[in-house]
Amino acid sequence: QKEVEQNSGPLSVPEGAIASLNCTYSDRVSQSFFWYRQYSGKSPELIMSIYSNGDKEDGRFTAQLNKASQYVSLLIRDSQPSDSATYLCAVNKNPMFSGGYNKLIFGAGTRLAVHP
Amino acid sequence: GAVVSQHPSWVICKSGTSVKIECRSLDFQATTMFWYRQFPKQSLMLMATSNEGSKATYEQGVEKDKFLINHASLTLSTLTVTSAHPEDSSFYICSARVDGGGNYGYTFGSGTRLTVV
C-alpha cells in the first residue's frame, strides 16, 4: 500500500465548475497535510495546509480533513483554465516513524484540466 | 515569505562527470532540508534529509556514495551527483521546513533539471 494515494486523473472540469481532488494516507498518526500545485516543469507551490479535522477555506480553495477515515480533499470553486495543473497531496510523516525527522511524503498527483 | 534559491536551474553534463546543485535559504535558517527527485509524469520521491552539521539521512534505495549531500551551514545545502549516468537524468528539487505562528510548511526551490549525455 502506498503511503499517500491519489487518483492520477486526468480530472476534466468545465470553467466555473467545482473541482474535487481526493487523497488517502496510510499512516494513521500523520500530523499535517498539504496540497501543492505543480505546473509542468516547475517545482511545487503550496496551496493549503491543514492540521485539524474539518474544513479550511482560503479564497476559492477549501481543504477538508477526516483523520478517522484517513482522507483529505481539496475543492476548487469557480475553476479557471489557469488552475490546470497537477495537484499533489503531501503528508507529514510522524517523526517517531521516520528516524526522528519530519518528512513530507507525496502522492502521485492528480492532473486537473479546466476547459473553457 | 520564506524563499529557497536553487541553482543551477538546468545542467547538461557528460556521463561520468559530477554535478553539484546548491540550495540556499534566503531569509530564514533551514536546520533541515530535503532533497527530492522527480522523473517525468511521476511524483516527487524523497531522496534524503539533510541536517546542518551532521550526516544526511538517506531513503532506502538511494546510494549515499553517489548522491553526496552536504549541509555545512544553516542557509546552504548541496547535492552532488557523482559519476553521473544517463539514468540519473531527472528533476531535482530541494525543500526546507519553515516554522511560524505555531504552524509550519515546506517551501521548495525552483528545481534543477539534470540531463546526462
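Scroll up to find the structure.
Residues numbered from 1 in each chain as written. Chains lettered and ligands numbered in written order. Predicted model: local features only at pLDDT ≥ 70, side-chain atom pairs only at ≥ 80, totals over all residues. Heavy atoms only, no water.

Draft legend 1. Looking closely at the environment of Tyr58(B). Residues and elements named next belong to chain B. Its place among the elements puts Tyr58 in strand 6 (residues 57–58). Overall, Tyr58 belongs to the partly exposed group, its relative accessible area being 22%. Measuring from C-alpha to C-alpha, the distance between Tyr58 and Met47 comes to 6.1 Å, with eleven residues separating the pair along the chain. Once you skip the residues sitting within four places of it in the chain, Tyr58 turns out to touch Met47, Ala48, Lys64, Phe67, Leu68 and Ile69. (Helix = DSSP H or I, 4+ residues; strand = E, 2+ residues; numbered from the N terminus. Buried < 20%, exposed > 50% of the residue type's maximum accessible area, 1.4 Å probe, protein only. Contact = heavy atoms within 4.5 Å.)

Draft legend 2. Broad picture of the state of the cysteines. Tallied over the full model, the rule gives two disulfides over all chains. Sulfur-sulfur distance for the disulfide between Cys23(A) and Cys89(A) comes to 2.0 Å. Where Cys23(A) bonds to Cys89(A) through sulfur, the torsion about that S-S bond is close to -70°, and the disulfide is left-handed. One end of the pair, Cys23(A), is in strand 3 (residues 19–25); the other, Cys89(A), is in strand 9 (residues 85–93), and 66 residues separate them in sequence. There is a disulfide in this structure between Cys23(B) and Cys94(B), and the S-S distance comes to 1.7 Å. Here the S-S torsion is close to -90°, and the disulfide linking Cys23(B) with Cys94(B) is therefore left-handed. In this pair, Cys23(B) sits in strand 3 (residues 19–25) while Cys94(B) sits in strand 9 (residues 90–100), placing the two residues 71 residues apart along the sequence. Taken as a pair, Cys23(B) and Cys94(B) share a single burial class, namely buried. Its sulfur unpaired, Cys13(B) is 17 Å from the next cysteine sulfur, which belongs to Cys23(B). (Disulfide = S-S within 2.5 Å.)

Draft legend 3. Fine view of the interface of chain B and chain A. Counting residues at the interface gives 22 residues for chain B, matched by 20 residues for chain A. Together, the buried faces of chain B and chain A total about 1600 Å²; carbon and sulfur atoms form 53% of this surface. Where chain B meets chain A, there are one salt bridge. Note that Glu59(B) and Lys103(A) form a salt bridge whose closest N and O atoms lie 2.6 Å from each other. Applying the counting rule to chain B against chain A returns seven residue pairs in polar contact (both at pLDDT 80 or more). Listed by contribution, the elements that provide at least two residues to the side of chain B that touches chain A are strand 4 (32–38), strand 5 (45–51), strand 9 and strand 10 (103–108) of chain B. (Buried area = accessible area lost by both parts, 1.4 Å probe. Salt bridge = Lys/Arg side-chain N within 4 Å of Asp/Glu carboxyl O. Polar contact = N/O pair within 3.5 Å; in protein donor to acceptor, adjacent residues only side chain to side chain.)

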